[in-house]
Amino acid sequence: CFAVGPKLFQYVVKVLVQAVQLLYAMLKIDQPSYILLQNPPGLPGIAVAWAACLFWRSKLIIDWHNYGYTILSLSHGKNHPLVQIAKWYEKLFGRLSDYNLCVTNAMKEDLWVNCNIKAVTLYDKPASYFKETPLELQHQLYMKLAKDYELFKPRTESVSSNAEMSAFTERDEKSGHVIKTKGRPALLISSTSWTEDEDFSVLLKALEDYERYICEGVELPSLVCVITGKGPLKDYYNGLISKLHFKHIQICTPWLEAEDYPLLLGSADLGVCLHKSSSGLDLPMKVVDMFGCCLPVCAIYFECLHELVKHNENGLIFRDSNELAEQLKMLFLGFPTLEGKLHNFRKNLRASEQLRWDESWDQTVLPLLKQNE
């Protein structure tokens, strides 16, 4: 309904219509003491929430997870008029808020230096349902996924006729006892919204190298690679994946049910994160969730990533596909023996006292609100 006139005009009209709709919806709810707004998306949300707070005499809290204008610049370029307007808008209305939260110390500093906005760092934390998955639940999940995805089905027939098998687990139907199958593949998981800030060709190139290592005789397991999520570039990357002909690696890109995603994270052997922050100031929530499941991670480098991923402690940081391939080889060498870096990373994640989201909120935000009451 907005496809009339130049694209910039269409965008402005769309934002104005959204602003009116959002303000109307907000003014219909009961008067709040605070409005908490996550940014991005902040256009037109911040201005509308600020106007609603004026009407109600409420306090506005902005939770800065990134800058919207830097995300916009990925598709339009830094100097596009739309990007410059969005940058001016975020800085202006950000300063009109009463309280500000942000997800990294690097962003806290940037908000103060470049926007004159004083913020408190509230790191993203995993919800309580992100945890290691018991073996029985792993087996149930694999059997469920095997109905739709070939790579979760067993590679060989069971020696026992009483066993129910997946590619990774085996359950004796008489005793109900579940074990991990011998010679099972390693399960690697990555999640994405298939957008410009994640270059999945890096992972695909690393997998080509991994396949080559196996063909050269390196003692590595077969790999099942699951890339979850949906988004604009999914079809493009599915096209690239379909052209790859691996003997030892299987890839699927499912859209999982909400309750199955944490179960799969808690069942996997390694997580891979290709998120590159558009601002260089936010942290990937998917790694937070993986760590909640005690899942070690290989993550692509950007400037403040060290605030979450501690290299050689809870995971590894890589800069390109060659480095990722070397890390996969090193971590999976001799898999599935318990010793080695993969095991140590998981041990470190189990040992680290990880606050959950509600606990982190109580410790960081509640004191902030109480001291200003």
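About the cut-offs
Residues numbered from 1 in each chain as written. Predicted model: local features only at pLDDT ≥ 70, side-chain atom pairs only at ≥ 80, totals over all residues. Heavy atoms only, no water. Axes fitted to C-alpha atoms, helices over the stretch in contact; angles between N-to-C directions. Helix = DSSP H or I, 4+ residues; strand = E, 2+ residues; numbered from the N terminus. Parallel < 35°, antiparallel > 145°, perpendicular 65-115°, else oblique. Contact = heavy atoms within 4.5 Å. Nonpolar A, V, L, I, M, F, W, Y, C, P; charged D, E, K, R; others polar. Buried < 20%, exposed > 50% of the residue type's maximum accessible area, 1.4 Å probe, protein only. Arc of directions from axis to C-beta. Salt bridge = Lys/Arg side-chain N within 4 Å of Asp/Glu carboxyl O. UniProt positions renumbered as here; feature names shortened; annotations may be inferred. Pairing = 2+ DSSP bridges. 1 Å grid on protein atoms, 1.4 Å probe; cavity = no way out; pocket = protein on both sides within 12 Å on 5 of 7 lines; lining within 4 Å. Points joined across faces, edges and corners; volume = space filled by probe spheres on them. Domains from an automatic or database assignment.

Visitor: Would you mind going over the packing of helix 3 (residues 68–76) against helix 4 (residues 81–95) with me for this structure?
Guide: Between two packed helices, both the angle of their axes relative to each other and the distance between the axes serve to describe the pair. Packing of helix 3 against helix 4 leaves a shortest axis separation of 9 Å and a crossing angle of 175°. Relative to helix 4, helix 3 is oriented roughly antiparallel. In this structure, helix 3 uses Gly-68, Tyr-69, Leu-72, Ser-73 and His-76 to contact helix 4, whose residues at the interface are Leu-82, Val-83, Ala-86, Lys-87 and Glu-90. Residue composition of the contact of helix 3 with helix 4, by class: five nonpolar, three polar and two charged.

Visitor: For this particular structure, what's the right way to read helix 12 (residues 341–351)?
Guide: Side chains three or four residues apart in an α-helix point the same way, a direct result of the helix having 3.6 residues per turn. Turning to helix 12, its buried residues number three or more, namely Leu-342, Phe-345, Arg-346 and Leu-349. Down the axis of helix 12, the buried set is contained in an arc of 95°. They therefore lie on one face. Structurally, helix 12 contributes buried residues whose contacts are with strand 11 (270–273), helix 10 (285–292), strand 13 (315–318) and helix 11 (321–332).

Visitor: It is not clear to me how the pattern of salt bridges should be interpreted in this structure. Could you clarify?
Guide: Close approach of charged atoms allows side chains of opposite charge to pair. One pass over the full model with this rule turns up eleven salt bridges. Glu-132 serves as the salt-bridge partner of Arg-346, at 4.0 Å between the closest nitrogen and oxygen. Here the residue Arg-346 occupies a position in helix 12, and Glu-132 occupies one in the loop between strand 4 (120–121) and helix 6 (135–146), the gap between them amounting to 214 residues. In this structure, Glu-132 and Arg-350 form a salt bridge, with 2.8 Å as the shortest nitrogen-oxygen distance. Here Glu-132, found in the loop between strand 4 and helix 6, pairs with Arg-350, found in helix 12; they are 218 residues apart in sequence, far enough to count as distant. Look at the salt bridges and you will find they share partners, linking Glu-132, Arg-346 and Arg-350 into a network.

Visitor: Could you clarify how one ought to interpret the UniProt feature "domain: Glycosyl transferase family" (unreviewed entry) in the protein chain in this entry?
Guide: UniProt's feature table lists "domain: Glycosyl transferase family" (unreviewed entry) at residues 182–330, given in the numbering used throughout. The span residues 182–330 carries 32% helix and 19% strand; its end-to-end C-alpha distance comes to 20 Å.

Visitor: Looking at this structure, how should I read unusual backbone geometry?
Guide: It is generally the case that most residues other than glycine have a negative phi and that most peptide bonds are trans. A cis geometry characterises the amide bond from Pro-40 onward to Pro-41, with omega recorded as 5°. Tracing the backbone through its elements, the reader meets Pro-41 in the loop between strand 1 (34–39) and helix 2 (45–56). A cis amide bond, omega 10°, links Leu-43 with the succeeding residue Pro-44. Of note in the backbone geometry, Trp-194 takes a positive phi value of approximately 50° without being a glycine.

Visitor: Help me understand the sheet that holds strand 5 (residues 163–165), please; the structure alone is not making it clear to me.
Guide: Backbone-to-backbone hydrogen bonds pair the strands of a sheet. The strands run either parallel or antiparallel. Read from one edge to the other, the open sheet built from three strands follows the order 5-6-7, with strand pairing classed as antiparallel. This sheet does not close on itself; its edge strands, each paired only once, are strand 5 and strand 7 (178–180). Across the sheet, the axes of successive neighbouring strands diverge by a mean angle of 25°, strand direction being ignored. Two strands pair when backbone bridges link them, and strand 6 (residues 169–172) and strand 7 are joined in this way by three bridges, in the antiparallel orientation. Along strand 7, the bridge assignment pairs Glu-170 with Ile-179.

Visitor: Even after reading the chapter, I still don't get the sheet that holds strand 1, so can you show me in this structure?
Guide: Ordered in space as 1-2-3-4, the four strands form an open sheet in which the pairing is parallel. Whereas interior strands pair on both sides, the edge strands pair on one side only; in this sheet they are strand 1 and strand 4. Direction of pairing for strand 2 (residues 59–64) relative to strand 3 (residues 99–102): parallel, over a ladder of four bridges. In the strand pairing of strand 3, Ile-62 is matched with Asn-100. The sheet contacts of helix 2 involve strand 1 and strand 2, and relative to strand 1 the element is tilted by about 175°.

Visitor: Just checking my understanding: could you explain the layout of surface pockets for this structure?
Guide: Which parts of space are left empty comes out when a probe the size of a water molecule is rolled across the atoms. Its boundaries defined by the atoms lining it, the largest pocket holds a volume of some 790 Å³. Residue lining of the largest pocket: 33 residues in total, with Ser-193, Pro-284, Met-285, Lys-286 and Asp-289 positioned closest to the centre. Every element with two or more residues in the lining of the largest pocket is listed here: helix 3, helix 9 (260–265) and helix 10. Residue contributions to the lining of the largest pocket peak at three residues, all from helix 10. Among the residues forming the lining of the largest pocket, the class breakdown is 15 nonpolar, ten polar and eight charged. Inspection of the lining of the largest pocket shows a minimum of three residues originating in each of domain 1 (15–125 + 360–371) and domain 2 (135–351).

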